[in-house]
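Tertiary structure, described
Residues per chain, in single letters:
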Amino acid sequence: MSFRMVRHLSSFNVGALSARVLMKVFRGATLESALARYRNTDVYPKISHICYESMRHYFSISERLQTIVDRPTSRLDLEVWCVLLVAAAQIEHSRTPTHAAVSMAVDATRKLGKSSASGLVNASLRRYRQEEKLDSREAIHELPDWLIDHIELHYFDERLSLIDALNSRAPLTVRVNSSKISVGAFCNALEIAGISFCRPDIANAVIVDRSRSMTSLPGFQEGFFVVQDLSSQMAVPLLNPQPGDRILDGCAAPGIKTSQIHDLYPECKVDSFDIKEQCSTWNNASNSQLNWGFEIRNGDLRNTDWWDGTPYQRILLDVPCSGTGTIRRHPDIKATRTLDQISELVDLQLQLLTSTWKALAPAGRLVYCTCSLLPEENDAVINQFIEENPDAQVESVQLVQGLSTSFGQQILPAIDGGDGFYFSCLHKSEK
């Protein structure tokens, strides 16, 4: 049976479906993309919750499982390991009774073609104790050792609040589409609907009660707002273009920031390019009610084949990165991202920056940003770039919050605030 064609999956084993999602994650897919096929099914809320909790608490669950499984967990088949993760997440982080989670896990093991392991799954989960004391640093902090090392090295004073924020659930933050409704009118609609909210010091941003879904907000179908993290909303205003300027949004898919540029600077001409989905941590499914009304053209910004030769006065370059500042929204990063991958990302970031710089007009501004906490992807990239490009000068970045760095500002994730983001503004000297 094709799951792609099924919309009512209540009769299917939720544990088996959730395990299938995790299997895809461990084979290279993002959690968001692995869940996408179930988005319009009646079991999506359940499997989404289970999978996110499995990843959010991956290290503590793994440690507890390792103490009760009668063989090294590294030797388990991937199907069996994912069933155990899912069941343990249900036991610890859902309302599912333990006996029901165990029974579902045994059935899921059989459905996934691993009947020979059903006895191991049953015996192990019956011994699972969520009150078991955690020993490893990874399990205690729910983060990989290499990232904890980076946090302690670069953010020692902020390490405790930063770790807490990375393990929290991100608030629902929206950007009001001021071309369709004023911020005041949108907030009035929230008040009438009895929905609590707050207004941060970012234009058009509203943080809504985290218990709400975006579809329950007034104006969802009309496109009155876009779901966009608070820190992400800080990038576009740094462009500060003049009327009539040509703006390039590089790595633009799925169009969140391009839509913000159109909204804030309607008198500017905007070109948007991307190559596949690798240039964005966003999934357009979260804003699927919108018809952007503009085109994102395909182009490999590692070269200039996409460029028509007409310079841009402003360029926004939100490059692919480790995503370490967005772990609370993408908890699979903590279990799948490795330190070895960072150098490859840095090489890509430098290629994109070097190539797009050629399209920037003299006296123009390029805003470089990442959703990374790692200086290797941020200040170190800018440092190398300006050493190799004497026509590039760093401009001051003035934000409401954040830590000043040598070449920009670093926003750290905050509970009830924005994700981790880095910003640097580069000015191209006139020849």
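Structure: above.
From a predicted model like this one, the values you see are computed outputs, not experimental measurements.

Considerations on the sheet that holds strand 1 (residues 172–176)
If you trace the four strands from one edge of the open sheet to the other, you get 2-3-1-4, paired in antiparallel fashion. If you trace the sheet from one side to the other, it starts and ends with strand 2 (197–198) and strand 4 (225–227), each paired once. Inspection of the sheet shows strand 1 paired to strand 4 by three bridges, in the antiparallel sense. If you follow Val 176 over to strand 4, its bridge partner there is Phe 225. This element, helix 11 (residues 183–192), spans strand 1, strand 2, strand 3 (205–208) and strand 4 of the sheet and lies at about 15° to strand 3. Helix 12 (residues 256–264) contacts strand 1 and strand 4 of the sheet and is inclined by roughly 35° relative to strand 1.

What about the pairing of strand 8 (residues 312–318)?
By the criterion of burial, strand 8 is predominantly enclosed, with six of the seven residues buried. By the bridge criterion, four bridges tie strand 5 (residues 246–250) to strand 8 in an arrangement that is parallel. Within strand 8, the residue paired with Asp 249 across the bridge is Leu 316. Of the strand pairs in this sheet, strand 8 and strand 9 (residues 360–370) are connected by six bridges, and their pairing is parallel. Residue pairing in the sheet places Tyr 312 in a bridge with Leu 360 of strand 9.

Quick word on unusual backbone geometry
Look at the link from Ala 253 to Pro 254: it is a cis peptide, with omega at 5°. Mapping Pro 254 onto the fold places it in the loop between strand 5 and helix 12. Not every positive phi belongs to a glycine, and Asn 240 is a case in point at roughly 45°. By the secondary structure assignment, Asn 240 is in the loop between strand 4 and strand 5. Using a relative accessible area of 42% as the deciding quantity, one classes Asn 240 as partly exposed. With phi around 70°, Ala 363 is a residue other than glycine that occupies positive phi space. Mapped onto the elements of the fold, Ala 363 is located in strand 9.

Some words on the packing of helix 5 (residues 78–93) against helix 7 (residues 118–126)
Here helix 5 crosses helix 7 at 30°, and the two axes come no closer than 11 Å. One element, helix 5, and the other, helix 7, form an angle in the roughly parallel class. Between helix 5 and helix 7 lies a crossing whose hand is right-handed. Taking contact as the criterion, the partners of Val 80, Val 83, Leu 84, Ala 87, Ala 88 and Ile 91 in helix 5 are, on helix 7, Leu 120, Val 121, Ser 124 and Leu 125. Its residues assigned to classes, the contact of helix 5 with helix 7 shows nine nonpolar, one polar and no charged.

Basis of the calculations
- Residues numbered from 1 in each chain as written.
- Predicted model: local features only at pLDDT ≥ 70, side-chain atom pairs only at ≥ 80, totals over all residues.
- Heavy atoms only, no water.
- Pairing = 2+ DSSP bridges.
- Helix = DSSP H or I, 4+ residues; strand = E, 2+ residues; numbered from the N terminus.
- Contact = heavy atoms within 4.5 Å.
- Axes fitted to C-alpha atoms, helices over the stretch in contact; angles between N-to-C directions.
- Buried < 20%, exposed > 50% of the residue type's maximum accessible area, 1.4 Å probe, protein only.
- Parallel < 35°, antiparallel > 145°, perpendicular 65-115°, else oblique.
- Left-handed = near helix turned anticlockwise from the far one by under 90°.
- Nonpolar A, V, L, I, M, F, W, Y, C, P; charged D, E, K, R; others polar.

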